Amino acid sequence: MNIKTLSPEPITLIELSGRFDAHVAPEFLTLMDENISIFAGYILVDLEKVNFIDSTALAALVRGLKHCRENGGDLSLCNLQQPVQIIFELTRMDNAFRIYSTQKDAYEKIRAK
Amino acid sequence: MSSSSKLDLLAEALSEAQDQLLAISALAQTTAQQFDLEQLLSILVQQAKQILNADAVFMTVDINNQPPLFVDFPTNYFNLKEIVPLINAAHESPDAFQVIHIMDSVPIYILDQKIRGTGRIKLGFQIDTPQTALSPTLNLAQTITDQAKIQIENSLLHKELITQAKLQIEMEAARQMQASLLPKSIPPSTETGVDMAIHFQPASKVGGDFYDLKSHPHKGAIFSVGDISGKGIPAALLMSMTLNALRNGVRFIEDPTPKKILAQVNQNMYDDFTRAGSFATVFIGSYDAHKGELSYGNAGHSPVVFCPANGDARLLEADGTALGILPESLCESQILDFRPGDILIVGTDGFSEAENPVREMFGYKKLLHLVEELRHSSAQAIKDGFVQAINQFASGYPQSDDQTLLVIKVNEIKEINHGNEKDRPD
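Residues numbered from 1 in each chain as written. Chains lettered and ligands numbered in written order. Predicted model: local features only at pLDDT ≥ 70, side-chain atom pairs only at ≥ 80, totals over all residues.

Let us look at the overall build of chain B. Within chain B, the secondary structure is distributed over ten helices and 16 strands. Relative to the globule expectation of 22 Å for 426 residues, the C-alpha radius of gyration of chain B, 36 Å, shows a markedly less compact shape. If one aligns the C-alpha atoms of chain B with their principal axes, the spans along those axes are about 125 × 45 × 45 Å. Within chain B, the fraction of its 426 residues that count as buried is 38%. (Helix = DSSP H or I, 4+ residues; strand = E, 2+ residues; numbered from the N terminus. Rg over C-alpha atoms; globule rule 2.2 N^0.38 Å. Buried ≥ 20, exposed ≤ 12 C-beta atoms within 10 Å, placed from the backbone.)

Quick look at the structure:
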């Protein structure tokens, strides 16, 4: 997994790749905690290169989501690949997160707020 | 010197060496069963004084998780205020000991050696012998220190073993407690109209999965399966709260429907789940034997497999997200025809996400195929078939998540007994 942080304000972009699972989740949580305090708590997680996600990773995303919202921000996702999309639909996680098809789409909608 | 005098001297030296060997051996034996660190050191300094023929001996042990220990013989011989600065100033060499310091008119020699990574052990003795003549005594001191290191290590390991054993006992007690929260038995199919079988296997002693089964008076059965995110003790604590909240919902809500129950549990548990950084996927179902219907609610839970008696198996998707994520639950009650021969399987993702040694997951497709293959078997046989398939697939790769599987099959003959009542079909 590769975490890349780019910071065009006011959004922090986190790009992940590979397996997003129990081994990776703690690192992800730490990264998000560090970035929430810097910006107004808007985080975009790009999952384009993620081919696998498990329940621990979902729990990490949910934690991030609540954290961001408590700080007046939000956590959104974009570029979900099919295996991940399936899991989100099965578990209705797509009710909990704002999901965008592309980064560009996400930036436009978030900046508009 | 004459040959015979030389021989006498040699004989004396040999005898002395033998005595010292015996003394060291006695030291080893006396300290072998002594697991208390301070008492161990007391024995060591006492015997060291004798073996070394010293005026006084002290030992200090300084290891990470312990307060530093100082023991001397004769007891309180050394003035701590004077000796401690000397001990601290003693040069630390990585492997072998070094003679460190000389104090007052009668010299004190300190051996300093590492123990357990960053720990230090020091042996100090006061002896009226010049350093030039000290070689045999230093060798003995080294041997004593080596012996001390072994025994100290044993003492620490012993303590650690006891702590581990206590922890294991507590975990086993927790496991039994958690198991006792779950239904003691499966309600008989004569009461519920369905054949049920359950497999429940936490990944460690305690876990975050739960299930509940009961016969629904005059109707059929109510059941639920849930999965708290995470594993081990934190998940187990939330598991008991969630299970309790669900049971209360079933019992005390007026005209309970899956929608109402899930909404109430979400409301009760939302703050706890937020604080804990967790959530719970829950499937709750209510089977009505008279109507041949299953009313259910699915809060983010999977895998849920429905296999009709004469059709293809399919996954039942969640219609609302897991409990504890949103302040209000959006789950609706769903209705499904549930007729003789139909099968419902509710598992937790420990099944669908079970991995084999090459890190492939079992996946949903296999679950669907498997239930179709086993559709003519009893609930128990279907459950056993699934468990066997998962174990074969995993082929020894350790179970990383709690695994729960509930299999429900509608009886071929619909006949429900309620104690003395008999409800026969016309």
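When its secondary structure is counted, chain A shows four helices and five strands. The order of α-helices and β-strands along chain A, N terminus first, is β-β-α-β-α-β-α-β-α. Sorting the 113 residues of chain A into buried and exposed places 46% on the buried side.

The next thing to look at is helix α3 (residues 82-90) of chain A. Along α3 of chain A, the residues classified as buried are Val84, Ile87, Phe88 and Leu90 of chain A. An end-on view of α3 of chain A places all buried positions within 165° of arc, on one side of the element. (Arc of directions from axis to C-beta.)

The side chains of a regular strand alternate, residue by residue, between the two faces of the sheet. Residue and element names in this part refer to chain A. Among the five residues of strand β4 (residues 74-78), four are classified as buried, and the element is accordingly described as predominantly covered. Across five bridges, the pairing between strand β3 (residues 42-53) and β4 is parallel. The residue of β4 that forms the bridge with Leu44 is Ser76. Since β3 and β4 lie parallel, the crossover through helix α2 (residues 55-70) that links them has a hand, and here it is right-handed. As for the winding sense of the linkage, the β-α-β connection from β4 through α3 to strand β5 (residues 98-100) is right-handed. (Pairing = 2+ DSSP bridges. Right-handed = clockwise from strand over helix to strand, strands pointing away.)

Residue and element names in this part refer to chain B. One open sheet holds the five strands; their spatial order is β5-β14-β13-β10-β11, and the pairing between them is antiparallel. Of all strands in the sheet, those bounded by a partner on one side alone are β5 (194-201) and β11 (314-315). Note: β5 against strand β14 (residues 403-410), eight bridges, orientation antiparallel. Note on β14: the bridge partner recorded for Ile198 is Leu406. Of the strands in this sheet, β5, β13 (343-347) and β14 touch helix α10 (residues 379-394), which is tilted by about 30° from β5. (Contact = placed C-beta atoms within 7 Å. Axes fitted to C-alpha atoms, helices over the stretch in contact; angles between N-to-C directions.)

Before going further, it helps to spend a moment on the sheet that holds strand β8 (residues 280-288) of chain B. Strands belonging to one sheet form pairs held by backbone hydrogen bonds; the direction of such a pair is parallel or antiparallel. Residue and element names in this part refer to chain B. Spatial strand order, β6-β7-β8-β9-β12: five strands in an open sheet with antiparallel pairing. Edge strands, defined here as strands with exactly one partner in the open sheet, are β6 (209-216) and β12 (334-337). Strand-to-strand twist of the sheet, defined as the mean angle between neighbouring strand axes without regard to direction, takes the value 15°. Examined bridge by bridge, strand β9 (residues 293-299) and β12 share four bridges and lie antiparallel to one another. Looking across to β12, one finds that Ser295 is bridged to Ile335. In this fold helix α6 (residues 232-252) packs onto β6, β7 (220-228) and β8, with an angle of close to 155° to the strand it touches most, β7. Packing against the sheet, helix α7 (residues 258-276) makes contact with β8 and β9, and its axis sits at approximately 20° to β9.

Let us look at the packing of helix α2 (residues 37-52) of chain B against helix α4 (residues 135-181) of chain B. Residues and elements named next belong to chain B. Running from N to C, α2 and α4 cross one another at 165°; their axes reach a closest spacing of 11 Å. Between α2 and α4, the angle falls in the class roughly antiparallel. In this structure, the crossing between α2 and α4 has a hand that is right-handed. For the pair formed by α2 and α4, the contact residues are Leu37, Leu40, Leu44, Ala48, Ile51 and Leu52 on the first element and Thr137, Leu140, Ala141, Ile144, Ala148, Gln151, Ile152 and Ser155 on the second. Split into classes, the residues belonging to the contact of α2 with α4 amount to eleven nonpolar, three polar and no charged. (Parallel < 35°, antiparallel > 145°, perpendicular 65-115°, else oblique. Left-handed = near helix turned anticlockwise from the far one by under 90°. Nonpolar A, V, L, I, M, F, W, Y, C, P; charged D, E, K, R; others polar.)

We now examine unusual backbone geometry. A cis amide bond links Phe73 of chain B with the next residue in sequence, Pro74 of chain B, at an omega value of 0°. The topology assignment puts Pro74 of chain B in the loop between β2 (69-73) and α3 (80-89). A cis amide bond links Ser302 of chain B with the next residue in sequence, Pro303 of chain B, at an omega value of 5°. Within the secondary structure, Pro303 of chain B sits in the loop between β9 and β10 (304-307). Of note in the backbone geometry, Asn79 of chain A takes a positive phi value of approximately 60° without being a glycine. What makes Asn79 of chain A buried here is the crowd of 20 C-beta atoms within 10 Å. A positive phi is found at Asn76 of chain B, a non-glycine position, where the angle reads about 65°.

With that settled, the discussion passes to the confidence of the model for chain B. Residues and elements named next belong to chain B. Counting all residues, the mean pLDDT for chain B is 87, and 92% of those residues have values of 70 or more. Element-level mean pLDDT values for chain B span from 45 in strand β16 (residues 421-423) up to 97 in β13. The low-confidence segment residues 93-97, where pLDDT is below 50, has eight contacts with residues more than four positions distant or belonging to other chains. Segment residues 419-426: pLDDT under 50, and six contacts once partners within four positions in sequence are set aside and those in other chains are kept. (pLDDT = per-residue confidence, 0-100.)

Soluble globular proteins tend to bury their nonpolar side chains together. Residue and element names in this part refer to chain B. With 104 residues, the main nonpolar core has Met196, Leu262, Leu323, Val371, Leu406 and Val407 as its most contacted residues. Not counting residues within four places of it along the chain, the set of residues in contact with Val407 comprises Met196, Ala197, Ile345, Ala379, Ile382 and Lys383. Judged by nonpolar contacts, the second largest core, of 30 residues, contains Ile51, Phe73, Ile121 and Leu123. (Core = buried A, V, L, I, M, F, W, Y, C linked by C-beta atoms within 7 Å.)

Attention now goes to the interface of chain B and chain A. Taken together, the 21 residues of chain B in the interface contact 13 residues of chain A. Of the residues belonging to the side of chain B that touches chain A, the class tally is seven nonpolar, ten polar and four charged.

Bringing the environment of Arg175 of chain B into the picture now. All names here are of chain B. With respect to the helices, strands and loops of the structure, Arg175 is situated in helix α4. What makes Arg175 partly exposed here is the crowd of 16 C-beta atoms within 10 Å. Between the C-alpha atoms of Arg175 and Lys205, which are 30 residues apart in sequence, the distance is 5.4 Å.

Attention shifts here to the packing of helix α1 (residues 3-32) of chain B against α2 of chain B. Residues and elements named next belong to chain B. Look at α1 against α2: their axes get within 10 Å of each other, and the N-to-C directions meet at 170°. Between α1 and α2, the interaxial angle falls into the category roughly antiparallel. Across from Gln20, Ala23, Ile24, Leu27, Thr30 and Thr31 in α1, the residues of α2 making contact are Leu40, Ile43, Leu44, Gln47, Gln50 and Ile51. For the contact of α1 with α2, the class distribution of residues is seven nonpolar, five polar and no charged.

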